[in-house]
Amino acid sequence: SVKSSDQLGRCRYCWVPIRSCFCSQLTDLSETIPNVHFVLLCHPQEFLRSTSSGKLVSQILGGELLVYGCKYHQQRIKEVLSDPN
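Residues numbered from 1 in each chain as written. Predicted model: local features only at pLDDT ≥ 70, side-chain atom pairs only at ≥ 80, totals over all residues. Heavy atoms only, no water.

Remarks on the overall build of the chain
Secondary structure summary: the chain contains 4 helices and 2 strands in total. Mapped from its N terminus to its C terminus, the chain presents α and β elements in the order α-β-α-α-β-α. For the C-alpha atoms alone, the extent of the chain along its principal axes is close to 45 × 30 × 20 Å. Classification of the 85 residues of the chain by burial places 19% in the buried group. Contacts in the chain between residues far apart in sequence, at least 24 positions, make up 53% of those at least 6 positions apart. Total accessible area on the chain is roughly 6400 Å²; 53% of this is exposed by carbon and sulfur atoms. (Helix = DSSP H or I, 4+ residues; strand = E, 2+ residues; numbered from the N terminus. Buried < 20%, exposed > 50% of the residue type's maximum accessible area, 1.4 Å probe, protein only. Contact = heavy atoms within 4.5 Å. Areas by Shrake-Rupley, 256 points an atom, 1.4 Å probe, with all protein chains shown as cover.)

A few points about unusual backbone geometry
In this structure, Trp15 is a non-glycine residue whose phi angle is positive, near 70°. One can find Trp15 in the loop between helix 1 (2-8) and strand 1 (39-42).

A word on helix 3 (residues 54-61)
Every buried residue of helix 3 is accounted for by Gly54, Lys55 and Ser58. Taken around the axis of helix 3, the buried residues stretch over an arc of 105°, which confines them to a single face. After helix 3 finishes, the residue Gly62 shows a positive phi value of roughly 75°. (Arc of directions from axis to C-beta.)

With respect to the side chain of Ser58
The topology assignment puts Ser58 in helix 3. You can call Ser58 buried: its relative accessible area is 14%. In contact with Ser58, not counting residues within four places along its chain, are Glu64 and Leu65.

Okay, structure coming up:
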């Protein structure tokens, strides 16, 4: 997806066109809530859309962004869902 974003002239993090991207201006809030670990589960069709706010939330709050159906994320999703905490 990084190669695709570069070829399309889009930010590799938010997929918004480079000229409209504001990722560098986002504030990292992960330190303000140190005892919380966020895990955001994203639908595969939503992941590469430039209108997906999930990627921005993940950048601001830290944590993990997992894509449902992605074979590389399946095990981690199972772990998160089975964690009682």
